[in-house]
Each structure stands twice: as C-alpha cells, then as structure tokens.
Amino acid sequence: MRVIFLEDVPNVARAGDVKEVKTGYAKNYLLPKQIAVAATAQELSRLETIRKVGLERQSKLREGAQALAERLEAAEVVLRLRAGPTGRLYGAVTNAMLAEELTALMEVEIDRRTVTLSDTIHEPGEYQATVRLHPDLDATVNFLVEPLQ
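Residues numbered from 1 in each chain as written. Predicted model: local features only at pLDDT ≥ 70, side-chain atom pairs only at ≥ 80, totals over all residues. Heavy atoms only, no water.

Details of the overall build of the protein chain
- The helix and strand inventory of the protein chain stands at 4 helices and 7 strands.
- The helix and strand sequence of the protein chain, counted from the amino end, reads β-β-α-β-α-α-β-α-β-β-β.
- Computed over the C-alpha atoms, the radius of gyration of the protein chain is 21 Å, more than 25% above the 15 Å expected from 2.2 N^0.38 for a compact globule of 149 residues.
- Considered along the principal axes of its C-alpha atoms, the protein chain spans approximately 70 × 30 × 20 Å.
- Expressed as a percentage of the 149 residues in the protein chain, the buried residues total 31%.
- Expressed as a percentage of contacts within the protein chain between residues at least 6 apart in sequence, the contacts between residues at least 24 apart total 52%.
- By element, 49% of the accessible surface of the protein chain is carried by carbon and sulfur atoms, the whole surface being about 9,600 Å².
- For the protein chain, the separation between the mean place of its 19 positive charges and that of its 22 negative charges on side chains is 9 Å. (Helix = DSSP H or I, 4+ residues; strand = E, 2+ residues; numbered from the N terminus. Rg over C-alpha atoms; globule rule 2.2 N^0.38 Å. Buried < 20%, exposed > 50% of the residue type's maximum accessible area, 1.4 Å probe, protein only. Contact = heavy atoms within 4.5 Å. Areas by Shrake-Rupley, 256 points an atom, 1.4 Å probe, with all protein chains shown as cover. Lys, Arg positive; Asp, Glu negative; His and termini not counted. Charge placed at Lys NZ, Arg CZ, Asp CG, Glu CD.)

Shown next, in the form of structure tokens:
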C-alpha cells in the first residue's frame, strides 16, 4: 500500500515521503495513529505542503537538539557507584545509569536507548559516551566515575 508520511518515523521515512509499505503496517499502525495517509490523487496534490511542514518541524527539532548538545558537552557529569576494596566497581556502568543522571542534570528526558557507551565500564575514571539527539546530530558527553565513600 502506498502512503504519504505526515510525521518522521525513525529508520522508515521522513515527513512528506511517499513509500510502499505492507498493508497491515499501514492499516493497523500508520493510518490509525495518523502518522501517514493513503497516497490518493487528492493527497498527492497536498504533498508539497506536507513536505514543507515536515521540513519546518525538522529544523525546529534540530535547533533544539543543537542547543541541548552544547549543554551536554559542557556539563560535568559524575557517577558515584559502590566499589569493592580493590577499587573495582560492583557491576558495570550502564547507559541507563548515565541517561538517568543526564536527565536529572539537564532537566530534559534523555532515553537510555540514545546513549551509547564505547565499552563496558568496571573501573573508576574518566570516560566518554555518545548521545543521539537527532538523526543528524550526536553529542559527546564526558563523565567521571567515582567510587562511593
């Protein structure tokens, strides 16, 4: 079934794109949630307006994400976790822990799935993580892991 996307769907399409999708996906998900409309002749004539609105929305989201990226890169993030007598952490630092700390620090909801750690962290020290804020924009966050006293 051919549909016109009204909103961006990650890894599928952007607003204004005309795509062929499975009928069940369109009828059970895209159309009821008003994420897309069927690609009829009438809707195709509105396509340029839909694209323009989608581009405006994307530029606003990108500006907001750029401002948040600057704040994240300048932030001083410290994670304090329990450690054993040798200094090694009990467990590991996870992307959920970092996302929770960033959410509290920035007062903006940061999803754990957008946070990527380069490697597993079991030792105190300084590390970096990448936060995907927008499909075109990633922020690098420097953070410090300290043992709880």
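After presenting the structure, the write-up continues.
Observations concerning the sheet that holds strand E2 (residues 18-20)
- Spatial strand order, E2-E1-E3: 3 strands in an open sheet with antiparallel pairing. Whereas interior strands pair on both sides, the edge strands pair on one side only; in this sheet they are E2 and strand E3 (36-38). With direction set aside, neighbouring strand axes in the sheet form an average angle of 35°.
- Alignment of strand E1 (residues 2-5) against E2, held across 3 bridges, turns out to be antiparallel. Each bridged residue has a counterpart across the sheet, and for valine 3 the counterpart in E2 is lysine 19. (Pairing = 2+ DSSP bridges. Axes fitted to C-alpha atoms, helices over the stretch in contact; angles between N-to-C directions.)

Concerning the sheet that holds strand E5 (residues 115-117)
- Spatially, E4-E7-E6-E5 is the arrangement adopted by the 4 strands of the open sheet, whose pairing is mixed. Single-partner strands in this sheet number two, and they are strand E4 (77-81) and E5. If you compare each strand with its neighbour and ignore which way they point, the axes differ by 35° on average.
- Judged from the 5 bridges that link them, E4 and strand E7 (residues 137-147) form a sheet pairing that is parallel.

As for the environment of valine 37
- One can find valine 37 in strand E3.
- Sequence spacing of valine 37 and threonine 116 is 79 residues, and the spatial spacing of their C-alpha atoms is 34 Å.
- In contact with valine 37, other than residues within four places in its own chain, are Val3, Ile4, Leu6, Leu31 and Glu43.

Structural notes on the pattern of salt bridges
- Taken as a whole and judged by the stated rule, the model has 6 salt bridges.
- Between arginine 88 and glutamate 123 there is a salt bridge, and its shortest N-O distance comes to 3.0 Å. Separated by 35 residues along the polypeptide, arginine 88 in the loop between E4 and helix H4 (95-106) and glutamate 123 in the loop between E5 and strand E6 (125-134) bring together distant segments of the chain.
- Relative accessible area serves as the criterion here: at 40%, arginine 88 is assigned to the partly exposed category.
- Between aspartate 138 and arginine 132 there is a salt bridge, with its nearest N and O atoms 3.2 Å apart.
- The exposure class assigned to arginine 132 is partly exposed, which follows from its relative accessible area of 43%. (Salt bridge = Lys/Arg side-chain N within 4 Å of Asp/Glu carboxyl O.)

Structural notes on the environment of glutamine 128
- Summarising the element assignment, glutamine 128 is placed in strand E6.
- A relative accessible area of 47% means that glutamine 128 is categorised as partly exposed.
- Each C-alpha atom, one on glutamine 128 and one on leucine 117, is 7.1 Å from the other, the two residues being 11 residues apart in sequence.
- Setting aside residues up to four positions removed in sequence, glutamine 128 forms contacts with Ser118, Thr140, Val141, Asn142 and Phe143.
- A polar contact of 2.9 Å, which involves the side chain of glutamine 128, links it to the side chain of asparagine 142. (Polar contact = N/O pair within 3.5 Å; in protein donor to acceptor, adjacent residues only side chain to side chain.)

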